[in-house]
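Residue-level listing of the chains:
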Amino acid sequence: MKTNYELRYAAHPEDAKAYDTTRLRRDFLIEKLFAADEVNMVYSMYDRLVVGGAMPVKEKLQLEAIDPLKQPIFLCRRELGIFNVGGPGTVYVGNDSFELDYKEALYLGSGEREVYFESKDASKPALFYFNSACAHRNYPDKKVTKADAEVMELGALETSNHRKINKMIVNQVLPTCQLQMGMTELAPGSVWNTMPAHIHSRRMEAYFYFEVPEGQAVCHLMGEPTETRHIWMKGNQAVLSPEWSIHSASATNNYTFIWGMAGENLDYGDQDFFKIDELR
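Residues numbered from 1 in each chain as written. Predicted model: local features only at pLDDT ≥ 70, side-chain atom pairs only at ≥ 80, totals over all residues. Heavy atoms only, no water.

S.K.: Help me understand the packing of aromatic side chains in this model?
M.R.: The geometry of an aromatic ring pair comes down to the distance between the two centres and the angle between the two planes. Applying the stated rule across the entire model yields 13 aromatic pairs. Here Y19 and F28 contribute two aromatic rings whose centre-to-centre distance is 6.5 Å and whose plane-to-plane angle is 35°, an arrangement assigned as tilted. Its relative accessible area of 0% is what places F28 among the buried residues. Relative to F210, the ring of F208 has its centre 5.6 Å away and its plane inclined at 20°; by these criteria the two rings are stacked. The same class applies to F208 as to F210, namely buried. One aromatic cluster is present, formed by F34, Y102, Y129, F208 and F210 through successive ring pairs. Here the guanidinium or amino end of R23 rests over the ring plane of Y19, the centre of that ring lying 4.1 Å away. Against the face of Y92 rests K60, its NZ or CZ located 4.1 Å from the ring centre. (Phe/Tyr/Trp six-rings, centres within 6.5 Å; stacked < 30°, edge-to-face > 60°. Buried < 20%, exposed > 50% of the residue type's maximum accessible area, 1.4 Å probe, protein only. Lys NZ or Arg CZ within 6 Å of the ring centre and 35° of its normal.)

Listed below in structure tokens is the structure:
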């Protein structure tokens, strides 16, 4: 197996105004999450969130403690949220194991336990997308399916944003220190997410887009509400959203995305909204 990681530093919004396309993509876009028998991750200085992906094919992959953690085991001082967006697979943590099918999630609390990823069928490998945040205490591990989620149905086909928000790793479903994750599914014919746009200055966020058909793309919007920027993305890519930035998108097809947040506030509704005609 192979573990790759990048360190991403935080940006001041005044500086980000001057970024060109190359700089925006370099600092915020995570293009490569999945490669056969690799674990790829980004350690972000935005609330020290780790965003990563593991694709076990021929072997079981270990979630190794990368150097920025300064710990011998990844989970020593961290909690972890995992979504399987590929074929059936298994996550091993300590003496326990959890089987995850497509769109099923797993929360792992902090502790000195090793984590491994494995696919059930090498011809249909699992794709484990994960977020990890710093944790000050341990909470119990728990598998979460869409049946366990708190679901919100929002929008309408007439406004191109009919969607279901599946809140899966949130405090209404299970206790966490600061990590929150969920999955938003857009209905056929709908392409807009998170509109009207908002920011939440007490939390950063990462978006992972998937179920984007080959040859289609997502236009992710970011930046301050009156100084917006965009990043074109493909499926199975993620993007970092600073606390000062909106996070919204439109695409050339309907799609699904996983959102993950970390920060000082677990109140999902703690958001500052902006009217559509106020955006610039």
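Now that the structure is up, let's keep going.
S.K.: Teacher, can you tell me more about the sheet that holds strand β8 (residues 96-100) here?
M.R.: Strand pairing within a sheet occurs via backbone hydrogen bonds; the two strands may be parallel or antiparallel. Spatially, β5-β10-β7-β8 is the arrangement adopted by the four strands of the open sheet, whose pairing is antiparallel. The open sheet terminates on both sides in strands that have one partner only, identified here as β5 (61-62) and β8. Sheet topology note: the β5/strand β10 (residues 115-119) ladder contains two bridges and is antiparallel. Across the sheet, the residue bridging to L61 is F117, located in β10. (Pairing = 2+ DSSP bridges. Helix = DSSP H or I, 4+ residues; strand = E, 2+ residues; numbered from the N terminus.)

S.K.: How do you make sense of the sheet that holds strand β21 (residues 248-251) when you look at a structure like this?
M.R.: Ordered by their spatial adjacency, three strands build an open sheet running β19-β18-β21, and the pairing between neighbours is antiparallel. Each edge of the open sheet is held by one strand with a lone partner, namely β19 (227-233) and β21. Each strand of the sheet is rotated relative to its neighbour by a mean of 25°, with strand direction disregarded. The pairing of strand β18 (residues 218-224) with β21 spans four bridges and is antiparallel. By the bridge assignment for β21, V218 is matched with A251. Helix α2 (residues 21-28) rests against β18 and β19 of the sheet, and its axis sits at about 75° to β19. (Axes fitted to C-alpha atoms, helices over the stretch in contact; angles between N-to-C directions. Contact = heavy atoms within 4.5 Å.)

S.K.: How do you make sense of the side chain of T256 when you look at a structure like this?
M.R.: With respect to the helices and strands, T256 occurs in strand β22 (residues 256-263). In terms of polar contacts, T256 uses its side chain to reach the side chain of E211, at 2.4 Å. Residues within four places of T256 in sequence aside, it is in contact with K103, M183, T184, E185, F208, Y209, F210 and E211. (Polar contact = N/O pair within 3.5 Å; in protein donor to acceptor, adjacent residues only side chain to side chain.)

S.K.: Teacher, can you tell me more about the nonpolar core here?
M.R.: Nonpolar side chains in soluble globular proteins generally cluster together in the buried interior. Residues F28, Y129, F208, Y209 and I258 are the most contacted members of the largest nonpolar core, which totals 60 residues. The element contributing the most residues to this core is strand β17 (residues 203-210), with six residues. What F28 contacts, discounting residues up to four positions off in sequence, is R8, A11, Y19, Y46, M222, I231, A238, V239, L240 and P242. (Core = buried A, V, L, I, M, F, W, Y, C linked by side-chain atoms within 4.5 Å.)

S.K.: What is the right way to read empty space enclosed by the protein from this model?
M.R.: Where empty space is left can be seen by rolling a probe of water-molecule size over the atoms. Applying the stated criterion across every chain yields a total of one cavity of 30 Å³ or more. Taken as a whole, the largest cavity holds about 50 Å³ of empty space. Lining the largest cavity, in full, are P13, A16, K17, M222, G223, E224, E227, R229 and W244. Among the secondary structure elements, those contributing two or more residues to the lining of the largest cavity are α1 (13-16), β18 and β19. In terms of residue count, the dominant contributor to the lining of the largest cavity is β18 (three residues). Along the lines of polarity and charge, the residues of the lining of the largest cavity split into four nonpolar, one polar and four charged. (1 Å grid on protein atoms, 1.4 Å probe; cavity = no way out; pocket = protein on both sides within 12 Å on 5 of 7 lines; lining within 4 Å. Points joined across faces, edges and corners; volume = space filled by probe spheres on them. Nonpolar A, V, L, I, M, F, W, Y, C, P; charged D, E, K, R; others polar.)

S.K.: What should I look at first to understand unusual backbone geometry in this one?
M.R.: A negative phi angle characterises most non-glycine residues, just as the trans form characterises most peptide bonds. A cis amide bond links M195 to the next residue, P196, at an omega of 10°. Although it is not a glycine, D37 adopts a positive phi angle of roughly 55°. Tracing the chain through its elements places D37 in the loop between β2 (29-30) and β3 (38-44). Although it is not a glycine, D47 adopts a positive phi angle of roughly 55°. Tracing the backbone through its elements, the reader meets D47 in the loop between β3 and β4 (50-55). D47 gets classed as partly exposed once you look at its relative accessible area, which sits at 26%.

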